[in-house]
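Descriptive structure summary
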Amino acid sequence: MDDANNAPRTLITRLTSTVPAAIAVVEVDGPMAVSLVQKHWRPNTGSSELQVDQIRYGVFRVDTESNDQTDLNDPGESIVVHRSDEHRVELHCHGGNIAAQRIIHSLIQHGATQSSPAEWIDRRSNDDFQAEATKALLKATTLRTTMILMDQWRGSLCTAFKTIEEHLQHQRFVEANNLIAALQQHAELGIHLVQPWKVVLCGPPNVGKSSLLNCLLGYTRAIVHEQAGTTRDILAESTSIDGWPVALIDSAGIRPTNDQIEHAGIQRAVQAIQGADRVLLLVDPVQGWCREHAEILHSVGESKTIVVQTKADIVDQRASSIPHQFPVTMVSNTEKKGFDRLLETISRSLVPSPPLPGKPMPFCSRHLQLLYALLEHSDTQIPKG
Ligand SMILES: Nc1nc2c(ncn2[C@@H]2O[C@H](COP(=O)(O)OP(=O)(O)OP(=O)(O)O)[C@@H](O)[C@H]2O)c(=O)[nH]1
Ligand SMILES: [Mg+2]
């Protein structure tokens, strides 16, 4: 990046996260990188000259808080220095926040410019798609989503967009539309590569929502009690199902109530249901299907609803009151049965046809907007009728 006079600037980027760790890495990149570092550091042995590819140990002499003079009373920061390139030096210092801050502050005092990790990624990427994939990869939580994002990082999506543009340039509008449609088919999955799917456990009180949450998580997260109306607040926990990132959300049992606190909890449950990607609609085999089930189903829609009958240890027959068109997955929370099938059902509902390795996939809103614009353009070119 250049300044107003077009002279290349020397940029400092903290490459490691600001979460305290053993080591922090600060990169100095630009024409003044080597001279700035040499001005500040004292090697443990030998000359302060830095050769390319050398790794050296020493002390970084920091400036005083108020001016750009080295503070001689300050012991400085221990650093490992690596000159990785003609104009690039990496400083590895203590991983607490202060050490890196002091080094960055001193270099800025001498004319360097601070740059963010996001800007660093933009500078080092071949194109916007690769930069977006790198940023998404930082947030990926499962191997499965990481593999898909790596495919995009290697260029699958960029190539697909270039192909669409070529089709459009050569007036092959049908081919362009087909490719756009193939990409749009994976849009929902793409967005959820880093943003977990919200799966809400809901239903009337006492059907076993909190028990099922605990069982699916594998530890006791929510309070379980025989008293109806135990859960009052929304409780969300991150997990993954078949390699897809999921936020499992427990909610208050829905029923008519005069209790103000319970009512507030139910309102939150309704909000969570409205914002859900999928709902697990829990049915007690003895109480059966009731008005609240029908209302939830109506508000969410059938395609997002998975009907789960609990307490299979008490009754292992499907409750006859459940409308017959819905598939029902039976589980027992107490005997820990039926979970494999339930997890499989959830996974298939979230991602009915997982992409093959190497497939292009849009994974952020910019890609969807681009696809939409390309489709609009292409559509207007195809003769109607
Ligand atoms: N036998 C049997 N009991 C269960 C099962 N699942 C839950 N229970 C019992 O049902 C009661 C209610 O369980 P919860 O998990 O608290 O139910 P909930 O739907 O979260 O209830 P609220 O928070 O009040 O809406 C508790 O006594 C549980 O032990 C099950 O699969 N089998
Ligand atoms: Mg509960």
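Predicted model, so just to flag it, every value in this text is computed and none were measured.

Scoring rules and cut-offs
Residues numbered from 1 in each chain as written. Chains lettered and ligands numbered in written order. Predicted model: local features only at pLDDT ≥ 70, side-chain atom pairs only at ≥ 80, totals over all residues. Heavy atoms only, no water. 1 Å grid on protein atoms, 1.4 Å probe; cavity = no way out; pocket = protein on both sides within 12 Å on 5 of 7 lines; lining within 4 Å. Points joined across faces, edges and corners; volume = space filled by probe spheres on them. Nonpolar A, V, L, I, M, F, W, Y, C, P; charged D, E, K, R; others polar. Helix = DSSP H or I, 4+ residues; strand = E, 2+ residues; numbered from the N terminus. Domains from an automatic or database assignment. Buried < 20%, exposed > 50% of the residue type's maximum accessible area, 1.4 Å probe, protein only. Contact = heavy atoms within 4.5 Å. Near = heavy atom within 4 Å. Polar contact = N/O pair within 3.5 Å; in protein donor to acceptor, adjacent residues only side chain to side chain. Areas by Shrake-Rupley, 256 points an atom, 1.4 Å probe, with all protein chains shown as cover. Sits in = over half its atoms within 2 Å of the grid points. Axes fitted to C-alpha atoms, helices over the stretch in contact; angles between N-to-C directions. Parallel < 35°, antiparallel > 145°, perpendicular 65-115°, else oblique.

Here we come to the layout of surface pockets. Estimates place the volume of the largest pocket at around 440 Å³. Taken together, 30 residues line the largest pocket, and the ones lying closest to its centre are Gly208, Lys209, Ser211, Val224 and His225. Looking at the lining of the largest pocket residue by residue, the classes come out as eight nonpolar, 17 polar and five charged. Volume-wise, the second largest pocket comes out at about 340 Å³. At the level of secondary structure, the elements contributing two or more residues to the lining of the second largest pocket comprise helix 2 (97-109), strand 7 (113-115), helix 3 (117-124) and helix 4 (128-139). The dominant element in the lining of the second largest pocket, judged by the number of residues it contributes, is helix 3, at four residues. Residue classes in the lining of the second largest pocket are distributed as seven nonpolar, eight polar and two charged.

Taken domain by domain, the protein chain consists of domain 1 (11-124), domain 2 (128-186 + 356-381) and domain 3 (197-350). One C-alpha centre belongs to domain 1, the other to domain 3, and the line joining them spans 53 Å.

If you trace the backbone, glutamine 130 turns up in helix 4. On the accessibility criterion, glutamine 130 (8% relative accessible area) is buried. Other than its neighbours up to four places away in sequence, glutamine 130 contacts Arg124, Ser125 and Trp153.

Let us look at the site of ligand 1. Taken together, 22 residues lie around ligand 1, and Ser211, Gly229, Thr230, Asp313 and Asn333 are the ones closest in. Residue histidine 225 places a main-chain N or O atom 3.3 Å away from an oxygen atom belonging to ligand 1. For ligand 1, the accessible surface in isolation is 650 Å², of which the surrounding protein chains cover 88%. The site holding ligand 1 turns out to be the largest pocket.

This next bit is on the packing of helix 9 (residues 209-217) against helix 12 (residues 339-350). It is the contact of helix 9 with helix 12, at a shortest axis distance of 11 Å, that shows an interaxial angle of 90°. Taken together, the axes of helix 9 and helix 12 are roughly perpendicular relative to one another. For the pair helix 9 and helix 12, contact is made by Leu212, Cys215 and Leu216 and by Phe339, Leu342 and Leu343, respectively. Among the residues making up the contact of helix 9 with helix 12, the classes are represented as six nonpolar, no polar and no charged.

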